[in-house]
Amino acid sequence: MHVRAPHLEGVRPLSLPIFQTSSFAFTDSESLADALAGPDGSYAYSRYGNPTTRALEEAVADLEGGVAAVATASGMGAISSVLLARLRSGDHVIVQSALYGGTVSVLRDLSERFGIEVSYFSGAADELAAAIRPNTKLLYLETIANPTTRVNDLPALAAIGRDAGLTVVVDNTFASPMLCRPLEHGAHIVLHSSTKFLGGHSDIIGGVVVFAEEEHHRETWHQVVDYGASADPFAAWLTARGLQTLSLRQAKQCANARVLAERLSEHPAIGAVRWPGLTSHPDHETAVKLLGDFGALVSFDIAEGHEAAVRFLERVRLATLAVSLGGVETLVLQPSSSTHRQLDASGLAAAGITEGTIRMSVGIEHAEDLWADLAHALG
Ligand SMILES: *Cc1c(COP(=O)(O)O)cnc(C)c1O
């Protein structure tokens, strides 16, 4: 059976349609060639560009204040595409030490296979300045670190990077553009795992890269298209759907996080609580200047350590033991046995966590229900 796709002219659907097609039909080959030539033209093949994906890219570029964006199949697709597009053998990269585990793996691989040198620094401006070499090309930061919730002083660090001619790249996944827009603070490129806050419903894997400069956009687009990291239209559609409630979700998540962080701080079973909105947080002043709110990620130490943390995770009912973050449901995990399981005791100490540390991504549930759940699981 042969089914023809309809032409719709003169009407506009209210919601974004899913263009679930691999290819697009043309009436002349010149237009087809034009559509394949760059990131801004018409549509020929969905690995190069797709109207649903483009709508998502334009929305996120707008939110981040960039000139253009590229949506990718995952956050790691976004990160690896930017690094592969920007770096050559023999280049040197400076990155912060508390970094998403997948990014550390990619950097290790780039270093072993392609001779790209990598230096780690704590986040302190003087350490960054001292690490710059003649072959340094790129500075890579995260707005809020995992699971310490340390907040980078992006304007200060980006200024040092820019003065040295480095490309400044920021993974803004933990903050989302609701809390921080790194391009306004001097970054050239900002990227996300849209699996997390942008999608917001724990139902897709996706990534997006936003650019301050057209040249970087074109270069990364070529990388994504050639190496096949492009977003699927259906995942792009779900992400775009999620994006419409980002500000509402994020406001509720931050408000819930405040209630839980404050009450945990007063609970006798809890040692340190890390949330940038607490005045006890080492980067509270930076967070007040840089962030619109203080985020949905809270980490805390159960004073009795490993066994007590395991017991807590078995006893929660409303919060769920799972990796990932940024969705509508509250998730908890123990970094020492999951996201940071490769680290030994001294590595954990250097990462600022203990075996009793719990990382919590706060959802949009009723705050009192969440507190009742945590208090019961701790008791
Ligand atoms: C999850 C995450 C990634 C990786 O994203 P995927 O969508 O899982 O590929 C990168 N950076 C941060 C900060 C993340 O939380």
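The model shown is predicted, which means the values in this text are computed figures rather than measured ones.

Procedures and definitions
- Residues numbered from 1 in each chain as written.
- Predicted model: local features only at pLDDT ≥ 70, side-chain atom pairs only at ≥ 80, totals over all residues.
- Heavy atoms only, no water.
- Domains from an automatic or database assignment.
- Contact = heavy atoms within 4.5 Å.
- Buried area = accessible area lost by both parts, 1.4 Å probe.
- Salt bridge = Lys/Arg side-chain N within 4 Å of Asp/Glu carboxyl O.
- Helix = DSSP H or I, 4+ residues; strand = E, 2+ residues; numbered from the N terminus.
- Near = heavy atom within 4 Å.
- Polar contact = N/O pair within 3.5 Å; in protein donor to acceptor, adjacent residues only side chain to side chain.
- Areas by Shrake-Rupley, 256 points an atom, 1.4 Å probe, with all protein chains shown as cover.
- Pairing = 2+ DSSP bridges.
- Axes fitted to C-alpha atoms, helices over the stretch in contact; angles between N-to-C directions.
- Buried < 20%, exposed > 50% of the residue type's maximum accessible area, 1.4 Å probe, protein only.
- Arc of directions from axis to C-beta.
- UniProt positions renumbered as here; feature names shortened; annotations may be inferred.
- 1 Å grid on protein atoms, 1.4 Å probe; cavity = no way out; pocket = protein on both sides within 12 Å on 5 of 7 lines; lining within 4 Å.
- Points joined across faces, edges and corners; volume = space filled by probe spheres on them.
- Nonpolar A, V, L, I, M, F, W, Y, C, P; charged D, E, K, R; others polar.
- Patch = residues over 30% accessible without salt bridge, like charges linked within 9 Å, V, L, I, M, F, W, Y side chains within 5 Å.

## Regarding the domain arrangement of the protein
Here comes step 1: The domain boundaries assigned to the protein delineate domain 1 (29-243) and domain 2 (246-378).
Here comes step 2: Computed from C-alpha coordinates alone, the two centres of domain 1 and domain 2 are separated by 26 Å.
Here comes step 3: At the junction of the two partners, domain 1 supplies 31 residues and domain 2 supplies 35 residues.
Here comes step 4: The largest contributions to the domain 1 side of the interface with domain 2 come from Pro147, Leu179 and Phe197, which together make up 28% of the buried area.
Here comes step 5: Summed over the shared surface of domain 1 and domain 2, the result is one salt bridge.
Here comes step 6: Between arginine 150 and aspartate 283 there is a salt bridge whose closest N-O contact spans 2.5 Å.
Here comes step 7: Listing elements by their share of the side of domain 1 that touches domain 2, those giving two or more residues are helix H6 (154-163), helix H7 (176-179) and helix H9 (233-243).

## Comments concerning the site of the ligand
Here comes step 1: Within the structure, the ligand sits among 13 residues, and Met76, Asp171, Ser193, Thr195 and Lys196 are positioned closest to it.
Here comes step 2: For the ligand, an oxygen atom lies 2.9 Å from a polar atom in the backbone of glycine 75.
Here comes step 3: Between the ligand and the protein, one listed contact pairs a nitrogen atom with a side-chain N or O atom of aspartate 171 at 2.7 Å.
Here comes step 4: Burial of the ligand by the surrounding chains reaches 92%, relative to a free accessible area of 380 Å².
Here comes step 5: Sort the elements by how many residues they give to the shell around the ligand and helix H3 (residues 75-86) lands first, with three residues.

## A few points about the sheet that holds strand E10 (residues 320-321)
Here comes step 1: Taken in spatial order, the five strands line up as E8-E9-E12-E11-E10 in an open sheet, and their pairing is mixed. Bordering the open sheet on either side are strand E8 (270-274) and E10, each of which pairs with just one other strand.
Here comes step 2: Pairing geometry for strand E11 (residues 331-333) and strand E12 (residues 357-361), over three bridges, is antiparallel. Paired with leucine 333 across the two strands is arginine 359, which belongs to E12.
Here comes step 3: Across the sheet, helix H12 (residues 306-315) lies against strand E9 (297-302), E10, E11 and E12, angled at about 130 degrees from E9, the strand it touches most.

## Some thoughts on H12
Here comes step 1: Taken together, the buried positions of H12 are occupied by Ala308, Ala309, Phe312 and Leu313. In a view along the axis of H12, the buried residues occupy a sector of 140 degrees, so they form one face of it. In this structure, H12 carries Glu307 and Glu314 as exposed residues pointing more than 90 degrees from its buried face.
Here comes step 2: Considering only its buried residues, H12 is in contact with E9, E10, E11, E12 and helix H14 (367-378).

## Some remarks on the UniProt feature "modified residue: N6-(pyridoxal phosphate)lysine" (unreviewed entry) in the protein
Here comes step 1: UniProt annotation of "modified residue: N6-(pyridoxal phosphate)lysine" (unreviewed entry) refers to Lys196 when read in the numbering used here.
Here comes step 2: Examined against the element boundaries, lysine 196 turns out to sit in the loop between strand E6 (189-193) and strand E7 (207-211).
Here comes step 3: Judged by its relative accessible area of 10%, lysine 196 falls in the buried class.
Here comes step 4: Leave out the neighbours within four places in its chain, and lysine 196 touches Thr173, Ser324, Leu325 and Gly326.

## Comments concerning the layout of surface pockets
Here comes step 1: Roughly 1300 Å³ of volume is contained in the largest pocket.
Here comes step 2: Along the walls of the largest pocket sit 50 residues, with Leu99, Tyr100, Gly101, Asn146 and His340 positioned nearest its centre.
Here comes step 3: Contributions of two or more residues to the lining of the largest pocket are made by H3, helix H4 (101-114), E6 and helix H13 (345-350).
Here comes step 4: The dominant element in the lining of the largest pocket, judged by the number of residues it contributes, is H4, at five residues.
Here comes step 5: Split into classes, the residues belonging to the lining of the largest pocket amount to 19 nonpolar, 22 polar and nine charged.

## Digging into the environment of glycine 165
Here comes step 1: Residue position: glycine 165 is located in the loop between H6 and strand E5 (167-171).
Here comes step 2: The class of glycine 165 is exposed, set by a relative accessible area of 60%.
Here comes step 3: Considering only alpha carbons, one finds glycine 165 and arginine 263, 98 residues apart in sequence, at a separation of 45 Å.

## Structural notes on the sheet that holds strand E2 (residues 92-96)
To summarise the sheet geometry, strands pair through backbone hydrogen bonds and adopt either a parallel or an antiparallel arrangement.
Here comes step 1: Within the open sheet, the seven strands sit side by side as E1-E7-E6-E5-E4-E2-E3. Their pairing is mixed. The open sheet has two edge strands, strand E1 (68-72) and strand E3 (117-121), and neither has a second partner. Taking the axes of each pair of neighbouring strands and ignoring which way they run, one obtains an average angle of 20 degrees across the sheet.
Here comes step 2: With five bridges joining them, strand E4 (residues 136-142) and E5 adopt parallel strand pairing. What sits directly across from leucine 139, in E5, is valine 168.

## Points about the pairing of E9
Here comes step 1: Of all six residues making up E9, six are buried, and the element is well covered by its neighbours.
Here comes step 2: Neither face of E9 is left uncovered, since the one carrying Leu297, Ser299 and Asp301 and the one carrying Val298, Phe300 and Ile302 both have all their residues buried.
Here comes step 3: Pairing of E9 with E12 involves five bridges; the strand directions are antiparallel. Note on E12: the bridge partner recorded for phenylalanine 300 is isoleucine 358.

## Structural notes on a nonpolar patch on the surface
Here comes step 1: A surface patch of nonpolar side chains, about 230 Å² in accessible area, is lined by Leu32, Leu36 and Tyr45.
Here comes step 2: By the element assignment, tyrosine 45 lies in the loop between helix H1 (29-35) and helix H2 (51-64).
Here comes step 3: Taking relative accessible area as the criterion, tyrosine 45 reaches 36% and is therefore assigned partly exposed.

## Quick look at the pattern of salt bridges
Here comes step 1: Enumeration over the complete set of coordinates arrives at eleven salt bridges.
Here comes step 2: Linking aspartate 40 and arginine 218 is a salt bridge whose minimum nitrogen-to-oxygen distance equals 3.5 Å. Taken together, the positions of aspartate 40 in the loop between H1 and H2 and arginine 218 in helix H8 (residues 214-227) put the pair 178 residues apart, joining distant regions of the chain.
Here comes step 3: Taking relative accessible area as the criterion, aspartate 40 reaches 47% and is therefore assigned partly exposed.
Here comes step 4: Residue arginine 218 is classed as partly exposed on the basis of its relative accessible area, which comes to 35%.
Here comes step 5: Residue arginine 133 is joined to glutamate 117 by a salt bridge in which the shortest nitrogen-to-oxygen separation is 2.2 Å.

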